[in-house]
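The chain contents come next:
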Amino acid sequence: MEERVYGITPPISTALPTEEEKRLNNALHQELRAQGTFESPAETEKRKEVLRQLEKITNVFVQRAAQEKEPKNSILIRDAIGRVFTYGSYRLGVYGPGSDMDTLVVAPKYVTVEQYFKIFPHVLVEMAPPAAITDLTPVPEAFVPIIKFEFSGISIDLIFCSIQTLKQLPAEKNWSLADNNLLRGLSENEVRSLNGTRVTDEILTLVPEPATFRLALRAIKLWAQRKAIYANIMGYPGGVAWAMLVARVCQLYPKATSAVVVNKFFNIMLKWPWPLPVLLKEIEYGCPVTRVAVWNPKLSHSDRNHRMPIITPSYPSMCATHNVGRSSMAVIQQELREGVQVTDEIMIGRRPWKDLFTKHTFFTSGFRYYLTVIASSRTKKAQNAWSGFVESRVRVLVNKIEMHPSIALARPFNKGYDRMHRCKSNAEVDEVVSAGSLAYLYKPPADGEAGVKTEIKSEIKSEIKSETKHDIKSEDGVPVKQENGGLKAEDGIPIKQELSDQTLPPAPPNIKPEPTDDADVDVRLEEIPEKKDGPEYLEIYTTNHYIGLQLVEKAKSLDLSREVNDWKSMCMSNDLFDAGLMFLSIQHVKNTALPDDVFEPGETKPRPAKKGLKRLASEEPGSKQQPPAKRQVQGKPPGPQLPRPQQQQQQQPASTTAAAAG
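All of these numbers come straight from a predicted model, not from anything done at the bench. (Residues numbered from 1 in each chain as written. Predicted model: local features only at pLDDT ≥ 70, side-chain atom pairs only at ≥ 80, totals over all residues. Heavy atoms only, no water.)

Alignment of strand β3 (residues 133–139) against strand β4 (residues 146–151), held across 5 bridges, turns out to be antiparallel. From the neighbouring strand, Pro-138 faces β4, where its bridge partner is Ile-147. Taking the residues that link successive antiparallel strands as the turn, the β3-β4 hairpin has 6 residues. Two strands pair when backbone bridges link them, and β4 and strand β5 (residues 154–162) are joined in this way by 6 bridges, in the antiparallel orientation. Note that in β5 the partner of Glu-150 across the bridge is Ser-155. The turn joining β4 and β5, which pair antiparallel and follow one another in sequence, is formed by 2 residues; a positive phi near 55 degrees is taken by Ser-152. (Pairing = 2+ DSSP bridges. Helix = DSSP H or I, 4+ residues; strand = E, 2+ residues; numbered from the N terminus.)

This brings us to helix α5 (residues 113–127). Here α5 contains 15 residues, and its C-alpha end-to-end distance of 20 Å stays within 8% of the 21 Å for a straight helix at 1.5 Å per residue. At Ile-119, α5 shows its maximal kink, close to 35 degrees; a proline, Pro-121, follows between one and four residues later. Residues of α5 that are buried include every one of Gln-115, Tyr-116, Phe-117, Ile-119, Phe-120, Pro-121, Val-123, Leu-124 and Val-125, and no others. Against α2 (41–69), β2 (101–107), β3, β4 and β5 lie the buried residues of α5. (Expected span 1.5 Å × (residues − 1). Bend = angle between axes of the 7 residues up to and from the residue. Buried < 20%, exposed > 50% of the residue type's maximum accessible area, 1.4 Å probe, protein only. Contact = heavy atoms within 4.5 Å.)

Glancing now at the UniProt feature "binding site: Mg(2+) 1" (unreviewed entry) in the protein. Those places that UniProt annotates as "binding site: Mg(2+) 1" (unreviewed entry) correspond, in this numbering, to Asp-100 and Asp-102. Relative to the helices and strands, Asp-100 resides in the loop between α4 (88–92) and β2. Ignoring sequence-local partners within four residues, the contact set of Asp-100 consists of Arg-47, Ser-89, Ser-155 and Asp-157. Within the secondary structure, Asp-102 sits in strand β2. Using a relative accessible area of 18% as the deciding quantity, one classes Asp-102 as buried. Not counting residues up to four positions away in its chain, the partners in contact with Asp-102 are Phe-85, Thr-86, Tyr-87, Gly-88 and Asp-157. (UniProt positions renumbered as here; feature names shortened; annotations may be inferred.)

Structure representation (structure tokens):
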């Protein structure tokens, strides 16, 4: 019997694993466990139970939607069911501790997205165990409408789609979304909703050995996350894109172990002749079930401009890496090059697997100069919307910056840093939102200082109110998140800590003890403090995104004012922007001035050069003092100004320089 050929080309090798390759594979498995990428069986069972409850909730939601649509159609209401599908890391089987669950609710044609946002949150809170649902946040304005929440401590991203060709969904347990006809009559965002599950399902059918694929993918995901090149929204491949790259290598080496696949992954992808697309199967054209365009560089100018096209296998095929730009492509190539060196030595026994998973040096030694994008708001609710929008536009700023003739590389970090500030005046607020000051940074009470009582209400936009002994609340009623604060019940929900006489903390020395009922104490009027109106602090929420800058070798100065101002105008002209609540600023930051919280324990923060060395350098013949970088002024942003790049090049590691050249 002839073996099946996976992929669009024959395999490179069908050799069976050697004993040494098996040993290396076992070592890889052990290292991934030591790195904490596997979840405990108890946590996995908890996820399955959450999915079972979501299926029951979905059925009730569809029944109520049917009753609202056709209240007299008892048969329609009786037979109404919905289905819950997963996609992403959970569907692929490569999830780990703390991973969120990407989930899809599928409903019959008569259920609308308006009903989804109107009815589903109510049913969710009503049917879930008490206090199991937290952080319930519907986002109907998203391109793919989504409801975000935590269910028994598991983060859920729940999207929705109604099948326009089915008035009732099949009850068969094994019913899938593979049939292309299910896409008929769907809009582009609805097609994207269904294709999350369709793509992940098809990936698993296109690899020779799913178990080999999963272990190799766990390794590549961990490597990409450690190197900070894992985030589609910031211009790097996302989880599905990395999965398709690993799947393609599995097709080329169908009998290899996961360890061999990992090594071949780096060697093949480093030499891949981009922009030749990575395909797991031939692209389907001419399937007239939807008007959504299929990726086709022969017809589409935008498709021709994709630098690193990785194409989804399900119809309609799309490019999963259309966000990858020049700088992120150079960074990926450099990390692949280093991955080749490390894994080649691992395969001959010279290095351990842990050397592959060392952390990035983006902040410690990657760059001398950075731009920081500061999105800030006066309320937590406004910040959730504003920071998400700004994050989705950071890569646009990067694209503008890297076109500047003095820029060799503009590398965005793959995540933002959320901070909270407590200011006492508008002047202090301006320091935070305009200049990026961290002088008023506020960290919630540590463990034992305050308890939190969380109350869930069945509203479409749930408001979660917190009461602590410090009475900390934001302006919109959303609680300040506390780090390890208060006691927790068995289900992980914080509860208010009741203090007994024995556990009451001693009063501060400058506070007089309260008199007891049986004490004979005279209280004078002047000793009673006056009640102050309004909040004691002005709370500001910020999200900072960092972009590392490397200048070309002969650049003498850098003026990014035009690029920065154009980008800010684009963001602030969006309908989402509220000038009374939201702010946007961009600052130039030296590596020695980076905030402490971007460094993890054990990392060394760059330090300013010693004054003695600076004085000696300035006394050298022909040397000139460089002017300090100009600071951006609110209202008149001149754009970041950088000194001459010669000193920067001395501090740039060889890897960054090579990445820019690539």
